[in-house]
Amino acid sequence: MIDETVAATKLIQKIIRVSELLVEREPKEYQFAHKSLQEYLTAAEIKQQRLEHLLIEKNEAWQGTVLLYAAQVTSTTSLIEGLCNIGEEKALTLAYDCWYENHKRVPEDIFNKLMELSYGVLEQYMQGRNWREADRYTYQVMVQACKQETYLSVDSLRNFPCGDLNRIDHLWQTYSNRTLGFSVQKEIWVDVGGKLDFAEDIQAAIKAVGKLSDEVGWRLDGQWSFYDGIDFDSPEEKPGCLPAFLFFGRGRRISSVWLRFLVEVVVLFSRIPACKV
């Protein structure tokens, strides 16, 4: 219990010395040492005062607060709808994160609306030939389709929803004159001797991945080039070079994740005929 006879200045100085919750930014100006605590208290106050509209208006700047609020409230439906109404990529991704925090209390039609809007953003990137953004956002849409948190597991790829796999591949093929897409990559994979099930023949799989990468430009003159080997202005000139963020995004390098890369390639390409893409 706070002693009301203690001066505010002395109380603040004691908090700074003992708990280190506050820091003095400027003379007589204080802020929380950890932003997360400030965001949590802001989220709690917004919940108490019923000021959810502020989170929707300031969604991009207040992402941490939005997520902490989503974890506190009974239902995030109205928050997700508000973010969906903005319709921009960052707002939609934040809406999905809020859905993930409390999805059991959100009607399925709200999730379906979110997915439709996300596909709309993906298509806009392709229409504008913004291939780099389309590649990056394809991964986000795939995460959402599998209802994962932030990344795709091998099991997610193994059981990837056929409807979404078909839709994503169709968009890539449509806007690239059938030169890009997972199904294009799978055909190249088969042409260079790749199999849809290598069993325990890892060396054969490594050899096939190398040939595939040479064909699509992920490897140049025997050296891994990753994104540097992709011409995002005219990717159609190197059929199958995209999508690639699934394999090389998030700062990954083949040298450290060879086995996972091999598994992802084989599992995803095996899913394509199963889904009749």
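Scroll up to find the structure this text is about.
Quick caveat, the model's predicted, so the values are computed rather than measured.

Peer 1: Got a minute to help me understand the pattern of salt bridges in this structure?
Peer 2: Close approach of charged atoms allows side chains with opposite charge to pair. Scanning the entire structure with this criterion turns up nine salt bridges. Where E236 meets R129, a salt bridge forms, and the shortest distance between an N and an O atom there is 2.5 Å. In this pair, E236 is assigned in the loop between β4 (223-224) and α13 (245-248) and R129 in the loop between α7 (108-127) and α8 (131-145), connecting sequence segments 107 residues apart. One salt bridge connects R136 with E133, and the closest N-O pair in it is separated by 2.3 Å. Of the two residues, R136 and E133 are both situated in helix α8; the distance of three residues between them amounts to about one turn of the helix. Salt bridges here are not isolated pairs; linked through shared partners, they connect E89, E133 and R136.

Peer 1: What am I meant to see in the environment of L55 here?
Peer 2: Relative to the helices and strands, L55 resides in helix α3 (residues 52-57). For the pair formed by L55 and L67, sequence separation is twelve residues and the distance between their alpha carbons is 9.7 Å. For L55, the contacting residues outside a window of four places in its chain are I46, W62, T65, V66, Y69 and L79.

Peer 1: What should I look at first to understand the nonpolar core in this one?
Peer 2: Among soluble globular proteins, nonpolar side chains are generally buried collectively. Residues L79, L212, W218, L242 and L246 are the most contacted members of the largest nonpolar core, which totals 76 residues. Tallying contributions element by element places α7 first for this core, with nine residues.

Peer 1: Any chance you could explain the environment of R260 here in plain terms?
Peer 2: Examined against the element boundaries, R260 turns out to sit in helix α14 (residues 258-274). Taking relative accessible area as the criterion, R260 reaches 30% and is therefore assigned partly exposed.

Peer 1: I keep staring at the packing of helix α4 (residues 63-72) against helix α6 (residues 89-101) and nothing clicks. Help me out?
Peer 2: When two helices pack together, their arrangement is given by the angle between the helix axes and the distance between those axes. Between α4 and α6, the shortest axis-to-axis distance is 8 Å and the interhelical angle comes to 25°. By the angle class used here, α4 and α6 are roughly parallel. By crossing handedness, the relation of α4 to α6 is classed as right-handed. Contact residues: Q63, V66, L67, A70 and A71 in α4; L94, D97, C98 and E101 in α6. Of the residues in the contact of α4 with α6, the class split is six nonpolar, one polar and two charged.

Peer 1: Which parts of the structure should I look at to understand unusual backbone geometry?
Peer 2: Negative phi characterises most residues that are not glycine, and trans characterises most peptide bonds. For the peptide bond that leads from L242 to P243, omega is 0°, which places it in the cis range. Within the secondary structure, P243 is located in the loop between β4 and α13. One non-glycine residue, R50, adopts positive backbone phi at about 55°. As for its placement among the helices and strands, R50 is situated in the loop between α2 (35-49) and α3. Its identity as a non-glycine residue notwithstanding, R129 has a phi of 55°, on the positive side. On the basis of relative accessible area, R129 is assigned to the partly exposed category, the value being 38%.

Peer 1: Honestly, the side chain of K186 in this entry has me stumped. Any pointers?
Peer 2: By the element assignment, K186 lies in helix α11 (residues 182-191). Residues in contact with K186, not counting those within four places in the same chain, are L196, F269, I272 and P273.

Peer 1: Sorry if this is basic, but what is going on with the packing of α11 against helix α12 (residues 202-216) here?
Peer 2: At a minimum axis distance of 9 Å, the contact between α11 and α12 shows a crossing angle of 125°. Classified by the angle their axes make, α11 and α12 are oblique. The two elements α11 and α12 meet at a crossing, and its hand is right-handed. Only A205, A208, V209, L212, E215 and V216 of α12 make contact with α11, whose side of the interface consists of Q185, I188 and W189.

Peer 1: Can you walk me through the state of the cysteines in this structure?
Peer 2: A disulfide bridge is the covalent bond that connects two cysteines by way of their sulfur atoms. As enumerated under the stated definition, the model contains one disulfide in all. Disulfide pairing is shown between C162 and C275; the S-S distance is 2.1 Å. Classification of the bridge connecting C162 and C275 rests on its S-S torsion, roughly -70°, and on that basis the disulfide is left-handed. Taken together, the positions of C162 in helix α10 (residues 162-175) and C275 in the segment after α14 put the pair 113 residues apart, joining distant regions of the chain. Looking at C162, the relative accessible area reads 27%, which means it is partly exposed. Among the residues examined, C275 registers a relative accessible area of 7% and is labelled buried.

Peer 1: I would appreciate a short explanation of the side chain of T93 in the present structure.
Peer 2: Within the secondary structure layout, T93 lies in helix α6. By relative accessible area, which is 18% here, T93 ends up buried. If near-sequence neighbours (up to four positions away) are discounted, T93 is found in contact with Y137, Q140 and Q144.

Conventions we followed
- Residues take numbers from 1 onward in each chain, read along the sequence in its written order.
- Owing to the predicted nature of the model, reporting of local features is limited to residues with pLDDT of at least 70; listing and counting of side-chain atom pairs is limited to 80 or more, with chain, interface and lining totals taken over all residues.
- The side-chain quantities take in all heavy atoms of the structure and omit both hydrogens and water.
- By convention in these notes, a salt bridge is any Lys or Arg side-chain nitrogen within 4 Å of a carboxyl oxygen on Asp or Glu.
- Secondary structure elements follow DSSP: runs of H or I no shorter than four residues count as helices, runs of E no shorter than two count as strands, and numbering proceeds from the N terminus.
- Residues are treated as being in contact if the distance between any of their heavy atoms lies within 4.5 Å.
- The nonpolar core is taken to be a set of buried Ala, Val, Leu, Ile, Met, Phe, Trp, Tyr and Cys residues, with the residues joined through side-chain atoms within 4.5 Å.
- Here's how the labels work: a residue is buried when its accessible area is under 20% of the maximum for its type, exposed when over 50%, partly exposed in between, all with a 1.4 Å probe on protein chains only.
- Simply put, an axis is a line fit to the C-alpha atoms, just over the touching stretch for a helix, and the angle between two N-to-C directions goes from 0 to 180 degrees.
- Oblique is the label for any angle not covered by the other classes, which are roughly parallel (under 35 degrees), roughly antiparallel (over 145) and roughly perpendicular (65 to 115).
- By the definition used in this description, the sense in which the near helix is turned from the far one sets the handedness, with an anticlockwise turn below a right angle giving left-handed and a clockwise turn giving right-handed.
- Side-chain classes follow a simple rule in which Ala, Val, Leu, Ile, Met, Phe, Trp, Tyr, Cys and Pro form the nonpolar group, Asp, Glu, Lys and Arg form the charged group, and the remainder, Gly included, forms the polar group.
- The term disulfide is used for any two cysteine sulfur atoms that are within 2.5 Å.

The analysis is restricted to geometry; functional conclusions fall outside its scope.
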